[in-house]
Amino acid sequence: MVGANRGYAVRAFSTAEISAAFEVRARLEALACGIVARQGASVEVLERLRECVAEGDRILSKGVLDPHDLIPYRRMNVDFHETIIQTCENPFVSSFVRQCHNVPMASDRVFIWEDYQVIARSHDDHHRILDAIAKREAQRAENLMSEHIHFALLVLRRKLEEDGRAAQLHDDRK
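Keep in mind it's a predicted model, so treat the numbers as computed, not measured.

Engineer: For this particular structure, what's the right way to read the overall build of the protein chain?
Structural biologist: Scanning the protein chain from N- to C-terminus turns up six helices and two strands. When the helices and strands of the protein chain are read in sequence order from the N terminus, they spell out β-α-α-α-α-α-α-β. When each of the 174 residues of the protein chain is scored for burial, the buried share is 44%. Long-range pairs, those at least 24 residues apart, make up 82% of the contacts in the protein chain between residues at least 6 apart in sequence. About 9500 Å² of surface is accessible on the protein chain, with carbon and sulfur atoms providing 53% of the total.

Encoded structure:
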């Protein structure tokens, strides 16, 4: 956004706006999980999700968070979520989730790589979500994904409060 006098203005996002984006994202991705489970995921989709989970297991098998593993873990996480979103074949889900990703910190591409137990707990969600999809347990898949994203929001809120940044975040993208 161009400022009145010159350059670009920085868009500020309140924690309430970030929370609202997480809420929408949680419902949309839960919907995607339910659709995929109800319609039945193809062998290829299930294999892709299993590969993602196995990659996360491999990364976390060290028992500590290695800074060098952040990028591969992030890539795996995005692939897991995007596989589900794309498989539901609802263009509105995909479009609206992408809009949520435009709110800083509300994306599956951003998470806090500091606490091994938090990441391990979150990755365990991936196992359970995959299991529910594979067993065609739509409501369970929806509930698990919703909780998975709400947990990420709780972790983010805690981190922002610890850092004293709970008032607002800035979007520095131009």
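Engineer: Would you take a moment to explain the pattern of salt bridges for this structure?
Structural biologist: Close approach of charged atoms lets side chains of opposite charge pair. Going through the model one piece at a time under the given rule, you end up with 15 salt bridges. We note a salt bridge from E51 to R48, for which the minimum N-O separation is 2.5 Å. Residue E51 and its partner R48 are located together in helix α2 (residues 43-60), separated by three residues, close to a single helical turn. Residue R48 is classed as partly exposed on the basis of its relative accessible area of 31%.

Engineer: Explain the packing of α2 against helix α3 (residues 70-87) here, please?
Structural biologist: The description of two packed helices rests on the angle between their axes and on the distance between the axes. Look at α2 against α3: their axes get within 9 Å of each other, and the N-to-C directions meet at 160°. By the angle between their directions, the pair α2 and α3 is classed as roughly antiparallel. Crossing handedness for the pair α2 and α3: left-handed. Taking contact as the criterion, the partners of V45, R48, L49, C52, V53, E55, G56, I59 and L60 in α2 are, on α3, P72, Y73, M76, D79, F80, T83, I84 and T87. Considered class by class, the residues forming the contact of α2 with α3 number eleven nonpolar, three polar and three charged.

Engineer: Can you walk me through the environment of Q99 in this structure?
Structural biologist: Mapped onto the secondary structure, Q99 falls in helix α4 (residues 91-101). Overall, the relative accessible area of 48% leaves Q99 in the partly exposed class.

Engineer: Just to check I follow, could you spell out the nonpolar core for this structure?
Structural biologist: Note on soluble globular proteins: their nonpolar side chains tend to be buried together. In terms of nonpolar packing, the biggest core is built from 47 residues, with F80, I84, I129 and I133 touching the most fellow members. Contacts of I133, omitting those with residues within four sequence positions, involve C33, V36, A37, A41, L46, L49, I84 and A141.

Conventions we followed
- Residues numbered from 1 in each chain as written.
- Predicted model: local features only at pLDDT ≥ 70, side-chain atom pairs only at ≥ 80, totals over all residues.
- Heavy atoms only, no water.
- Helix = DSSP H or I, 4+ residues; strand = E, 2+ residues; numbered from the N terminus.
- Buried < 20%, exposed > 50% of the residue type's maximum accessible area, 1.4 Å probe, protein only.
- Contact = heavy atoms within 4.5 Å.
- Areas by Shrake-Rupley, 256 points an atom, 1.4 Å probe, with all protein chains shown as cover.
- Salt bridge = Lys/Arg side-chain N within 4 Å of Asp/Glu carboxyl O.
- Axes fitted to C-alpha atoms, helices over the stretch in contact; angles between N-to-C directions.
- Parallel < 35°, antiparallel > 145°, perpendicular 65-115°, else oblique.
- Left-handed = near helix turned anticlockwise from the far one by under 90°.
- Nonpolar A, V, L, I, M, F, W, Y, C, P; charged D, E, K, R; others polar.
- Core = buried A, V, L, I, M, F, W, Y, C linked by side-chain atoms within 4.5 Å.

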